[in-house]
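Inside the fold
Here's the letter readout for the chains.
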Amino acid sequence: MSKNKPFVPAEDLSKLWRAIIEFDMLQPGDRILVGLSGGKDSMLLTAMLAEIKKYSPIPFELACYTVNAMFAPDFPRQRLQEFCARYGLEHYSDDVDVMAAHARKGGSPCFTCAYFRRAATNRRAQELGFNKVALAHHNDDAVETFFMNLVTSGQLRTFLPVTPLSRSGITVLRPLLYYRESEIRQLVARLNLEPIKNPCPYDGHTMRQDIKEHIAQLNDRYPEIYEHLAAAMRCSQQQELWPGKPDAKELVGKFRAFWQRKQATEAPK
């Protein structure tokens, strides 16, 4: 790669700059560890952050980290190291036997995998002296998480652009949140990035995949549903939601107070 040629053209970075500036993602002296899985999203995030590092008025350090979940015997460590070297970045990795952990704990394999990946990444960031971790979640990920939480738990929530973790002291950043997945595919192809195939045995057979397909089907019938779901993730003065559900003690107190009013009005004068 030519020394003077940009890793990512400036016109493709506007949404990244917007997320970084709007959500105050950078502070002087930040050391950011990118969660690099080798997929299209994390490869693009790495290239983008390496590019803006050249010009950012707020200086920051950057490196990459990969969790080898041991789904396949041929972890592409050297390929990932070579990819990072293109951008002058150090690459770190650790082996985490996710399937063995799932066999011990049971439950959802996706939850187990996400939990151990997060824990390993945050622990490694602490050990290496990084104060922030950058993850490659994009806009579709956020909308799908929002819809999945609504459908499966009745909660209006998704992951945040910036998430401080009080226990570890690490702050999680999601700088790609304004990019649609289709945009990322186009950018990855145009930049000649070569994503590594996900070796996860559940890839394409998860609840998230079902939600993704369901939103696409709804979008065929209601063409604005994706934009409306994305808008609903924002705090807004137009929201009209019920008050929070009272706990049992508070509700009993309300009932008693209500009926005591009746007794007070019927009391002899």
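Look up: the structure comes first, before these words.
Read on for an overview of the structure.

Further remarks concern a nonpolar patch on the surface. A grouping of L150, V151, L156 and L241 is seen on the molecular surface, where their side chains present a nonpolar patch of about 380 Å² in accessible area. Locating L150 in the fold gives a position in helix α6 (residues 139-153).

By size, the foremost hydrophobic cluster in this structure holds 40 residues, and its most contacted members are L16, M48 and L49. Broken down by secondary-structure element, the contributors of at least two residues to this core are α1 (14-22), β1 (30-35), α2 (40-53), β2 (60-68), α3 (77-85) and α7 (181-190). At eight residues, α2 tops the list of elements feeding residues into this core. Sequence-distant contacts of L16, that is, excluding residues within four places in its chain, are made with L45, M48, L49, I52, P175, L176 and Y179. Listed in part, the 15 residues of the second largest apolar core include Y65, A69, V96 and V98.

With that out of the way, let us pick up the layout of surface pockets. The computed volume of the second largest pocket comes to approximately 540 Å³. Mapped by element, the contributors of at least two residues to the lining of the second largest pocket are α6 and α9 (225-232).

Here we take up the packing of aromatic side chains. In the structure shown here, the tally under the stated rule is five aromatic pairs. Ring geometry for F7 and Y87: centres 4.7 Å apart, planes at 85 degrees, overall edge-to-face. Of this pair, F7 sits in the segment before α1 while Y87 sits in the loop between α3 and β3 (91-95), and the two are 80 residues apart along the sequence. You'll find F7 and Y87 in the same group, each marked buried. Seen in terms of ring centroids, F258 and W259 are 5.1 Å apart; in terms of plane orientation they differ by 90 degrees. Their pairing is edge-to-face. We classify F258 as exposed; its relative accessible area is 51%. Judged by its relative accessible area of 47%, W259 falls in the partly exposed class. Chaining the aromatic ring pairs together yields one cluster made of F7, F83 and Y87. Note that R31 overlies the ring of F130, its terminal NZ or CZ placed 4.2 Å from the centroid. Between the NZ or CZ atom of R180 and the centre of the ring of Y226, over which it lies, the distance is 3.5 Å.

Our next topic: the packing of α1 against α2. Running from amino to carboxyl end, α1 crosses α2 at an angle of 70 degrees, the nearest separation of the two axes being 11 Å. As judged from the angle between their axes, α1 and α2 are roughly perpendicular. Side by side, α1 and α2 meet where L16, W17 and I20 of the first sit next to L45, M48, L49 and I52 of the second. By residue class, the composition of the contact of α1 with α2 is seven nonpolar, no polar and no charged.

Criteria and thresholds
Per chain, residue numbering runs from 1 following the sequence as it is written. Only residues with pLDDT of at least 70 get local features here, since the model is predicted, and only at 80 or more are side-chain atom pairs given and counted; chain-wide, interface and lining totals rely on the full set of residues. Derived side-chain values reflect all non-hydrogen atoms in the structure, with water molecules and hydrogen atoms excluded from consideration. Nonpolar side chains (Val, Leu, Ile, Met, Phe, Trp, Tyr) within 5 Å and like charges within 9 Å form the patches, drawn only from residues with over 30% relative accessible area and no salt bridge. Areas reported here follow the Shrake-Rupley algorithm with a probe of radius 1.4 Å; residue values treat only the protein chains shown as occluding. The salt bridge definition used is simple: a Lys or Arg side-chain nitrogen within 4 Å of an Asp or Glu carboxyl oxygen. Helix and strand labels come from DSSP, where a helix needs a run of H or I of at least four residues and a strand needs a run of E of at least two; each type is numbered from the N terminus. To qualify as a nonpolar core, a set must consist of buried Ala, Val, Leu, Ile, Met, Phe, Trp, Tyr and Cys residues joined through side-chain atoms within 4.5 Å. Partly exposed describes any residue whose relative accessible area lies between the buried limit of under 20% and the exposed limit of over 50%, with all areas from a 1.4 Å probe on protein chains only and scaled to the type maximum. Contacts: residue pairs with any heavy atoms within 4.5 Å of one another. The distinction between a cavity and a pocket rests on a 1 Å grid over the protein atoms alone: a 1.4 Å probe fits inside a cavity but cannot get out, while a pocket stays open yet meets protein on both sides within 12 Å along at least five of seven lines, and a residue with an atom within 4 Å of a point counts as lining. Grid points are joined across faces, edges and corners, and a volume is the space filled by probe spheres set on the points. A pair of aromatic rings is counted whenever rings of Phe, Tyr or Trp (Trp by its six-membered ring) have centres within 6.5 Å, and the orientation is called stacked for planes under 30 degrees apart, edge-to-face for over 60 and tilted otherwise. Distance and angle both matter: a charge sits over a ring if NZ of Lys or CZ of Arg is within 6 Å of the ring centre and within 35 degrees of the ring normal. Lines fitted to C-alpha atoms define the axes, with helix axes restricted to the stretch in contact, and inter-axis angles between N-to-C directions lie between 0 and 180 degrees. Should an angle fall under 35 degrees it is taken as roughly parallel, and over 145 as roughly antiparallel, whereas 65 to 115 is taken as roughly perpendicular and any remaining angle as oblique. Note that Gly is not counted as nonpolar here; it falls among the polar residues with everything else outside the nonpolar set of Ala, Val, Leu, Ile, Met, Phe, Trp, Tyr, Cys and Pro and the charged set of Asp, Glu, Lys and Arg.

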